[in-house]
Structure formats: structure tokens, C-alpha cells
Amino acid sequence: MKLTLSFLITLLLPTLAQAQQATPLTPAPALAAKSYVLYDFTSNQILVNQNGNERIEPASLTKLMTAYLTFTALKLDQLTLGDLITPTAEALRIEGQESRMFLDKNKPVTVAELLRGLIVQSGNDAARVLAIAIAGSEEKFANSMNQEARRLNMANTRFANATGVPQPQHYSTAYDLALLAAAIVRDFPEHYPLYSMREYQYNNINQTNRNRLLWMDPFVDGMKTGHTESAKFCLIASAKRDQRRLISVLIGAASDNLRATESQRLLNYGLQHFEAVRLYQKNQTVAGVRLWKGAESKVNAGFRSDLFLSIPKGQLAQLKAVMETQQPLIAPISGGQKIGILKLTLGGQPYAEFPMVALDAVPLANIFSRGWDSIRLLFNKIIGT
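Residues numbered from 1 in each chain as written. Predicted model: local features only at pLDDT ≥ 70, side-chain atom pairs only at ≥ 80, totals over all residues. Heavy atoms only, no water.

J.: Can you explain the overall build of the chain? Please cite residues and give values.
T.: When you go through the chain residue by residue, the secondary structure sums to nine helices and 17 strands. Considered along the principal axes of its C-alpha atoms, the chain spans approximately 80 × 50 × 35 Å. Sequence-distant contacts, at least 24 apart, represent 68% of the contacts inside the chain between residues at least 6 apart. Counting every atom, the chain has about 17800 Å² of accessible surface; 51% of that belongs to carbon and sulfur. Put simply, the chain has 40 plus and 31 minus side-chain charges, and the middle of one group is 7 Å from the middle of the other. (Helix = DSSP H or I, 4+ residues; strand = E, 2+ residues; numbered from the N terminus. Contact = heavy atoms within 4.5 Å. Areas by Shrake-Rupley, 256 points an atom, 1.4 Å probe, with all protein chains shown as cover. Lys, Arg positive; Asp, Glu negative; His and termini not counted. Charge placed at Lys NZ, Arg CZ, Asp CG, Glu CD.)

J.: Tell me about the pairing of strand 14 (residues 307-312), and name the residues and values.
T.: Burial analysis of strand 14 places five of its six residues in the buried class, the great majority of the element. Relative to strand 14, strand 11 (residues 274-280) runs antiparallel, the two sharing six bridges. In the strand pairing of strand 14, Arg278 is matched with Phe308. (Buried < 20%, exposed > 50% of the residue type's maximum accessible area, 1.4 Å probe, protein only. Pairing = 2+ DSSP bridges.)

J.: Residues and numbers for the pattern of salt bridges, please.
T.: Pairing of side chains with opposite charge becomes possible as their charged atoms draw close. Scanning all chains against the criterion turns up 14 salt bridges. Here Asp256 makes a salt bridge to Arg259, at a shortest N to O gap of 3.1 Å. Highlighted residues: Asp256 and Arg259, both in helix 8 (residues 256-273), separated by three residues, approximately one helical turn. Exposure remark for Arg259: the relative accessible area of 4% places this residue in the buried category. Salt bridges sharing common partners tie together Glu90, Arg93, Glu98, Arg128 and Glu138. (Salt bridge = Lys/Arg side-chain N within 4 Å of Asp/Glu carboxyl O.)

J.: Break down helix 8 for me, with residues and values.
T.: The terminal C-alpha atoms of helix 8 lie 26 Å apart, and with 18 residues this matches the ideal 26 Å at 1.5 Å per residue to within 8%. The set of residues buried in helix 8 consists of Arg259, Ala260, Glu262, Ser263, Gln264, Leu266, Leu267, Tyr269, Gly270 and Leu271. (Expected span 1.5 Å × (residues − 1).)

J.: With reference to specific residues and values, describe the packing of helix 2 (residues 63-75) against helix 3 (residues 111-119).
T.: Two numbers describe how helix 2 lies on helix 3: the axes approach to 10 Å, and their chain directions differ by 160°. Between helix 2 and helix 3, the angle falls in the class roughly antiparallel. For the pair helix 2 and helix 3, the crossing hand works out as left-handed. Taking contact as the criterion, the partners of Lys63, Thr66, Ala67, Thr70, Phe71 and Leu74 in helix 2 are, on helix 3, Val111, Leu115, Leu118 and Ile119. Residues of the contact of helix 2 with helix 3, tallied by class, amount to seven nonpolar, two polar and one charged. (Axes fitted to C-alpha atoms, helices over the stretch in contact; angles between N-to-C directions. Parallel < 35°, antiparallel > 145°, perpendicular 65-115°, else oblique. Left-handed = near helix turned anticlockwise from the far one by under 90°. Nonpolar A, V, L, I, M, F, W, Y, C, P; charged D, E, K, R; others polar.)

J.: Quick one: what's the story with the packing of helix 2 against helix 6 (residues 174-187), residue by residue and with numbers?
T.: At a closest axis distance of 10 Å, the pairing of helix 2 and helix 6 adopts a crossing angle of 30°. As the angle between them shows, helix 2 and helix 6 are arranged roughly parallel. The crossing of helix 2 and helix 6 is left-handed. Facing Leu64, Met65, Tyr68 and Phe71 of helix 2, the residues of helix 6 in contact are Leu180, Ala181, Ala183, Ile184 and Asp187.

J.: Let's hear about the sheet that holds strand 10 (residues 244-253): which residues, and what values?
T.: What the five strands build is an open sheet, ordered 3-2-10-9-8; its pairing is antiparallel. The open sheet has two edge strands, strand 3 (45-50) and strand 8 (220-228), and neither has a second partner. Taking each pair of neighbouring strands and ignoring which way they run, the sheet shows an average axis angle of 10°. As paired elements, strand 2 (residues 35-40) and strand 10 share six bridges and run antiparallel to each other. Looking at strand 10, one finds that Asp40 is bridged to Leu246. Across the sheet, helix 6 lies against strand 2, strand 3, strand 8, strand 9 (232-241) and strand 10, angled at about 140° from strand 10, the strand it touches most.

J.: Residue-level account of unusual backbone geometry, with values.
T.: Cis geometry marks the peptide bond from Gly222 to Met223; its omega dihedral reads 20°. Tracing the backbone through its elements, the reader meets Met223 in strand 8. Between Gln327 and the following residue, Pro328, the backbone shows a cis peptide bond with an omega angle of 5°. Within the secondary structure layout, Pro328 lies in the loop between strand 15 (319-326) and strand 16 (338-346). In this model, Asn51 sits at a positive phi of 55°, which is unusual for a non-glycine residue. Mapping Asn51 onto the fold places it in the loop between strand 3 and helix 2. Phi at Asn203 is positive, roughly 55°, even though this residue is not glycine. Checked against the element boundaries, Asn203 lands in the loop between strand 6 (199-202) and strand 7 (205-208).

Right, here's the structure in full:
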């Protein structure tokens, strides 16, 4: 038996939270790019998806994963920012016009310097040195990149190197890269400010960040550019205004200037035509759910973190919610256990679903209470049939 609780959002909640793709009154702009995605980090929603699942060449956007694994190694104390690494000849190989931070073969360099060379200068030499330091070889590092991609649900991504140099089996999608960018913001906030650096000097050579939006838009604080002749110009950008963060992924623009201006149009669209509202606070009780054979007759259902939703501006009154739980719900229940789903509709159409969890643990009742509940459940089953 399924228990359904239905209520109007505006009657119950001080504010709002997630969704499938929404349709605002003003359609998304058509951008001069092969594919693009706009992701609302705050509410975990895709607001715009144009060919976002189409396979693309990620170019230097690859270095987001190289950085992610480096941040992970730092967190696990496998590296420290002050560790000195002497680049090998293999790590310093440069083919053609690859970007580089101009490392010297016999000059040790710190992990902190390598990260700046990787993120700000987009140095392929920095990427290879970090890959070899962490995994022993770039090939082994690529295997770790692919393991992490699977863990992050990047289902249409495969990495063959740490730099983004084109290879047939090195590919991703705009959607997958949005997941990766969001993971960096979420998992490593202490390192994310590196992506806002406008320039970095190493070996007496100063290089500017190729992300033009760091100069053009005061709300943009990252993330990464990419370019090869075959991939064309790509940009992942992130903008934060008040408590709201958006991440744009734009692939295959015709020029450096165009990738910046089109990315800015995409970010502005999300900020101007959607509003993010908090639906529930962390550990706020949404509803009490009937519980059988437990020390308590009800268990409180809610969410373990603040729940936000982005909706097209002006459509808040059309948002409705329904809670569904599987009944009978039998004790024991552990805190954090999934016990239901919150389903949202907008204008009568399905819009979002959120798993709801038990906010508290409820142990089994004593043998007499359990026996009584068993009789009542049997009676309810007979009546129901």
C-alpha cells in the first residue's frame, strides 16, 4: 500500500528546491557552439541542455580531473603542497604548440606551484609531472581518472591522458564535465580559489589565465578553458551571485572571444530567468510517517541537507508537492534511511523528485507491541482485500 500526502508548496513552506529541465517564459538563447549546458549548483539542476550528452573532445578541460585527483591526493596526505618534485624528461616532453608552464628538467618544483601551472597557465608539463608523481606513469593516472569518472557518474567519459591532448579514446560530454566541475566546487572548496587567479608567474615567465570572464564579469570566479584545432574553443565558467552558483559548459566555439561572450550569455540567462528558492532546511521535519512495530508510532521524514529548487521566475504559484511512502513501513528504522519520495509538479507537469530519509532512528518495540501491530496489519490487509 502506498501512502500519499499532497499539499501546496505555498501553503506549507517559507521558501523552495530540484528538477528536471524547466521551460521558462523566455526560451534559452541559441548559442554559437557545438554543445552547451547550464547547471545550477545550488539546486543540482540542469537549466539548459543543448546537445549536452553528445560526445566531444574535452581538450584542456581534461585538467579539471587532473586537478581533482591531485586535490584528492592532498586530502589523503599522499602529497603536500610543499612537496618538491623534480620533473622527468618524459613529463617535460612537449609536442607542437602545447601549453606549458616552462618547467626545467633539473629544477625541483612544489606541488603548490604545479597546481597553479596546471590551473592558471594550463601547462601540459605541469599535468604530466603531477600525474607521474601521483600514479607512477601517465597511463596509470589515466586509469585512476576513469575510475573517478565512474564514481562521479560521468557515464559518457573516457580519459586517455592527463592533459587533454587529442586521442581517439579520450572523450567526454558537456553534461559530464558539468558534473566534474561541480564536484571540484563541492568537494574541495579550499582549493577552488585557484580557479579565480588571473595570472601566475613561474620561471620568470608571467602568463595570464585564458578565462576572459574573470575580467568581464565580477560574479565569475572560475573555472577552465580548453582549445585544440579539432575541439575549437571551450570554456567551463562558474558564477556566484549571493548564495546561488551556476556552472556553464560551452564546447566548440569558433574563437576565444566567442567562447567568453556566449558563456556569459548562458550564465546571464540562468540568473535573469530562474529563481532559486529553499524548499526545506537541513533536518527539518517534512512529515511524520506511520511506522509499525516500532518504539514510536511515527518517524519524521525530511532531508539531510538544505533543499533548493530553481524554477522559472513568476511560476512559484504553480508548484505543487506530493509525498509518497511505501506502506506498511516496518521498524527498525535507521537515521538517514530512505523512506519516501517528494514529487514536485509545475503547472501540472512532473518537475522534480527527491528521496526523503528518516531523520531519526527508531528501534523495534517490545514483543507485545509488535504482536499487536502484527494483528492490526493482518486486519488491515483483510479489510483491504
